[in-house]
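# Structural overview for review
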Amino acid sequence: MNAEIQSRFRASFIMSDAPIPIASAQDLLADVRSRPVWDGASISPADAEYPRVHVDWHEDHGFVFQCYEHEESSSDFLVRGRDFSPPTVEMELGGQALERWPRELFVSADHATQALSHFLEHGEQDPALEWVRIDAFPRETLWEGRAQREAWERAN
C-alpha cells in the first residue's frame, strides 16, 4: 500500500472526538464492525472533503460501502452483483427514512477490504469490483419524515 497516500486519509465516527489515522483497511473494518450500526466510518483526506467513503456494518448482512470519488460524483455503492434480489433488508437512513434494500448491497469483509485497500492506495473506486449508482438499485421506502415514521411505529 502506498504509505504516502494512505497516511493522508482519516476516519471519522459520530462517537469520536476527532478523525483518526488509518493503520490498515482490515483494522478499520474491524473497528467499524465493533461499533453500533449508526456509528459507521466516514473516510476522507485529512485536508479535503473528497474523495470520500462511508462504510458501516449490519449484523447478519455485511458491510455497506458507499463511495464519492469527487464533489460532483454521484454516490456509488459496492455490490456483490448487479442481478438484484427484491429489497428485503431494512436500512434506517439517519432517522430521516426507513427503506428496504436488496441483499447485494451488503458485502463481505473480504470484498470491503479489497475496496477499502484500493481506495486508500489510489483515492478511487476499485475498477475490478462492481459498483452501482445510488439511484440504480431497487428499494422500498417504508417511511420518510417524522409524520410517516410515527404512523409506521404506531402500526408496527
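Presented here is a report on the structure given in the accompanying data block. Just so you know, these numbers come straight off a predicted model, no measurement behind them.

### Details of the overall build of the protein
Within the protein one finds four helices and 10 strands. Relative to the 2.2 N^0.38 estimate, which gives 15 Å for 156 residues, the radius of gyration of the protein is 16 Å and therefore close to what a compact globule would have. Summarising its shape, the C-alpha atoms of the protein cover approximately 50 × 35 × 30 Å along the three principal directions. Buried residues in the protein amount to 44% of all 156 residues. In the protein, the share of contacts with a sequence separation of at least 24, taken over all contacts with a separation of at least 6, comes to 56%. About 8600 Å² of surface is accessible on the protein, with carbon and sulfur atoms providing 46% of the total.

### A look at the sheet that holds strand 3 (residues 41-45)
Strand order in the open sheet made by the seven strands is 2-1-3-4-5-6-9, with antiparallel pairing throughout. Of all strands in the sheet, those bounded by a partner on one side alone are strand 2 (20-21) and strand 9 (130-133). Together, strand 1 (9-12), strand 2, strand 3, strand 4 (52-58) and strand 5 (62-68) form the strand contacts of helix 2 (residues 25-34), whose direction differs from that of strand 4 by roughly 50°.

### Side note on the pairing of strand 3
Counting buried residues along strand 3, five of its five residues qualify, which places the element largely inside the surrounding structure. Examined bridge by bridge, strand 1 and strand 3 share four bridges and lie antiparallel to one another. The residue bridging Arg-10 from the neighbouring strand is Ser-44, located in strand 3. Counting the residues that bridge the hairpin from strand 3 to strand 4 gives six residues.

### Focus on helix 3 (residues 109-122)
Helical geometry: 3.6 residues make up each α-helical turn, so side chains three or four residues apart lie on a common side. Helix length check: helix 3, at 14 residues, gives a terminal C-alpha distance of 20 Å against a target of 20 Å (1.5 Å per residue), a fit within 8%. When we look at burial in helix 3, the residues that qualify are His-111, Ala-112, Thr-113, Ala-115, Leu-116, Ser-117, His-118, Phe-119 and Leu-120. In the stretch just after helix 3, Gly-123 is the one whose phi turns positive, near 70°.

Reading the values: the criteria
Residues numbered from 1 in each chain as written. Predicted model: local features only at pLDDT ≥ 70, side-chain atom pairs only at ≥ 80, totals over all residues. Heavy atoms only, no water. Helix = DSSP H or I, 4+ residues; strand = E, 2+ residues; numbered from the N terminus. Rg over C-alpha atoms; globule rule 2.2 N^0.38 Å. Buried < 20%, exposed > 50% of the residue type's maximum accessible area, 1.4 Å probe, protein only. Contact = heavy atoms within 4.5 Å. Areas by Shrake-Rupley, 256 points an atom, 1.4 Å probe, with all protein chains shown as cover. Pairing = 2+ DSSP bridges. Axes fitted to C-alpha atoms, helices over the stretch in contact; angles between N-to-C directions. Expected span 1.5 Å × (residues − 1).

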